[in-house]
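So you can see what is in the structure, the chains are spelled out below.
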Amino acid sequence: MIKKNKRPSLENIIESEDLFLDILHPGGFEITRELAQLCHIGKVINVLDVGSGTGESAFYLVRNFNCHIIGIDISDRMIKKAKRKAIDHGVIIQFKKADAHDLPFKDNTFDVVISECTTSILDKKRAIEEMARVTRSGGYIGIHDICWKKDTPEHPKQKLAEIEFRKPETLDGWKTQFEKVGLIDIMIKDRSSLIPEWEINISEKLGLLGRLKILLKIIKNWGIGGLRKVMESRRIFHSHYTGYGIIVGKKT
Ligand SMILES: C[S@@+](CC[C@H](N)C(=O)[O-])C[C@H]1O[C@@H](n2cnc3c(N)ncnc32)[C@H](O)[C@@H]1O
């Protein structure tokens, strides 16, 4: 449910049960598959998913790429949901509560570390450093996330940071973040068309009545001021300033 005690943000609506979403990123399994392929996830590969949410990508990767995967997330609710689903599906995946800024794993533990639509909420430098630390030499670090277009002025950047606590980079900016921690062979892929497609999918799934219910819940819990913030944030996400991209790098 959209919670009164949480701040008004699109993030909190998406993560609430009200949108009935299990995959909390644009592009669904399609972008997860592309990320997995770019990171060379395959048989007997140890993978870490940072900010694993409800665990959907972890289940998808285990089923389709036959890898071993551990999911970590800071949210008790997400971990509980993912664990419950693992039991329901009869799949052995470890979901662990942990902070992406301080991963509870030794150096060089994983072949691949992925993170979907999460890094821009984090202290990017610290989080990418941590992902690189726990990846073995020759392994891959791959994320997909929001990115700014090159001509984005300061105002939408400030607003998104204020409302969503998100601080994306441009695609080149993400590449620089990867380079800063010593990653090599960095690939960037622009997947900006996924944002409008995601919005359309969600809208169609909810229908007019569903959308109206969400609107009323937002006003009931967060007031008109809260609604304004959510609308502002939505406007930024759908402006031509906001894109989406995949970034993959290799540890030396
Ligand atoms: C937009 S959701 C993406 C979830 C999932 N990766 C997906 O694509 O469906 C962001 C996730 O990051 C998690 N998260 C936020 N801050 C975190 C942190 N410091 N450490 C670990 N997870 C975090 C949230 O709880 C949430 O599940």
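Everything below is about the structure printed above this text.
Structural notes, computed from the coordinates. (Residues numbered from 1 in each chain as written. Predicted model: local features only at pLDDT ≥ 70, side-chain atom pairs only at ≥ 80, totals over all residues. Heavy atoms only, no water.)

This next bit is on helix α2 (residues 28-38). Residues Gly 28, Ile 31, Thr 32, Leu 35, Ala 36 and Leu 38 constitute the buried set of α2. Down the axis of α2, the smallest arc covering the buried residues is 165°, so these residues share one side. Of the surrounding elements, those touching the buried residues of α2 are α3 (56-65), β4 (110-116), β5 (135-148), β7 (184-190), α8 (194-237) and β8 (242-250). (Buried < 20%, exposed > 50% of the residue type's maximum accessible area, 1.4 Å probe, protein only. Helix = DSSP H or I, 4+ residues; strand = E, 2+ residues; numbered from the N terminus. Arc of directions from axis to C-beta. Contact = heavy atoms within 4.5 Å.)

Next up on the list: the packing of α2 against α3. Following both chains from N to C, one finds α2 and α3 inclined at 60°, their axes separated by 10 Å at the closest point. Put simply, α2 runs oblique to α3. In the crossing of α2 with α3, the sense of the turn from one axis to the other is right-handed. Every residue of α3 that contacts α2 at Phe 29, Thr 32, Arg 33, Ala 36 and Gln 37 is listed here: Glu 56, Ser 57, Tyr 60, Leu 61 and Phe 65. (Axes fitted to C-alpha atoms, helices over the stretch in contact; angles between N-to-C directions. Parallel < 35°, antiparallel > 145°, perpendicular 65-115°, else oblique. Left-handed = near helix turned anticlockwise from the far one by under 90°.)

Before going further, it helps to examine the nonpolar core. Core analysis: the biggest nonpolar cluster contains 50 residues, and Ile 41 and Leu 61 have the highest contact counts within it. Only α1 (10-15), α2, α3, α4 (76-89), β4, β5, α8 and β8 provide two or more residues apiece to this core. For this core, the element with the highest residue contribution is α8, accounting for twelve residues. With residues up to four places along the chain from it excluded, the contact list for Leu 61 reads Thr 32, Ala 36, Ile 41, Asn 66, Cys 67, Ile 69 and Ile 114. Among the nonpolar cores identified, the runner-up in size contains 25 residues, and Ile 70, Ile 128, Phe 178 and Ile 186 belong to it. (Core = buried A, V, L, I, M, F, W, Y, C linked by side-chain atoms within 4.5 Å.)

A few words on the site of the ligand. Lining the immediate surroundings of the ligand are 23 residues, of which Leu 24, His 25, Gly 51, Asp 73 and Ala 100 lie closest. Leu 24 has a polar backbone atom sitting 2.8 Å from an oxygen atom of the ligand. Glu 116 places a polar main-chain atom, nitrogen or oxygen, 3.1 Å from a nitrogen atom of the ligand. Within the complex, 93% of the 600 Å² of free accessible area of the ligand lies under protein. (Near = heavy atom within 4 Å. Polar contact = N/O pair within 3.5 Å; in protein donor to acceptor, adjacent residues only side chain to side chain. Areas by Shrake-Rupley, 256 points an atom, 1.4 Å probe, with all protein chains shown as cover.)

Attention now moves to the packing of aromatic side chains. One pair of aromatic rings is described through two measures. These are the centre distance and the angle between the planes. The final tally for this structure, using the stated rule, is four aromatic pairs. Aromatic rings pair up to connect Phe 29, Tyr 60 and Phe 65 into one cluster. Here the guanidinium or amino end of Arg 7 rests over the ring plane of Phe 165, the centre of that ring lying 3.7 Å away. (Phe/Tyr/Trp six-rings, centres within 6.5 Å; stacked < 30°, edge-to-face > 60°. Lys NZ or Arg CZ within 6 Å of the ring centre and 35° of its normal.)

Locating Ser 192 in the fold gives a position in the loop between β7 and α8. Among the polar contacts made by the side chain of Ser 192, one reaches the main-chain amide nitrogen of Tyr 244 at a distance of 3.2 Å. When near neighbours in sequence (up to four residues on either side) are disregarded, Ser 192 contacts Lys 149, Gly 243 and Tyr 244.

The next point concerns the state of the cysteines. Applying the stated criterion to the full structure yields zero disulfides. Free cysteine: Cys 117, not disulfide-bonded; nearest cysteine sulfur from Cys 147 at 11 Å. Residue classification places Cys 117 among the buried positions, given a relative accessible area of 7%. According to the relative accessible area criterion, Cys 147 is buried, its value standing at 4%. (Disulfide = S-S within 2.5 Å.)

Counted according to the given criterion, the structure contains 17 salt bridges. Asp 111 serves as the salt-bridge partner of Arg 136, at 2.6 Å between the closest nitrogen and oxygen. Linking Arg 136 in strand β5 with Asp 111 in strand β4, this pair joins segments that are 25 residues apart in sequence. Given a relative accessible area of 32%, Arg 136 falls into the partly exposed group. The exposure class assigned to Asp 111 is buried, which follows from its relative accessible area of 14%. In the salt-bridge network here, residues are joined through shared partners; they are Asp 22, Glu 56, Lys 81 and Lys 85. (Salt bridge = Lys/Arg side-chain N within 4 Å of Asp/Glu carboxyl O.)

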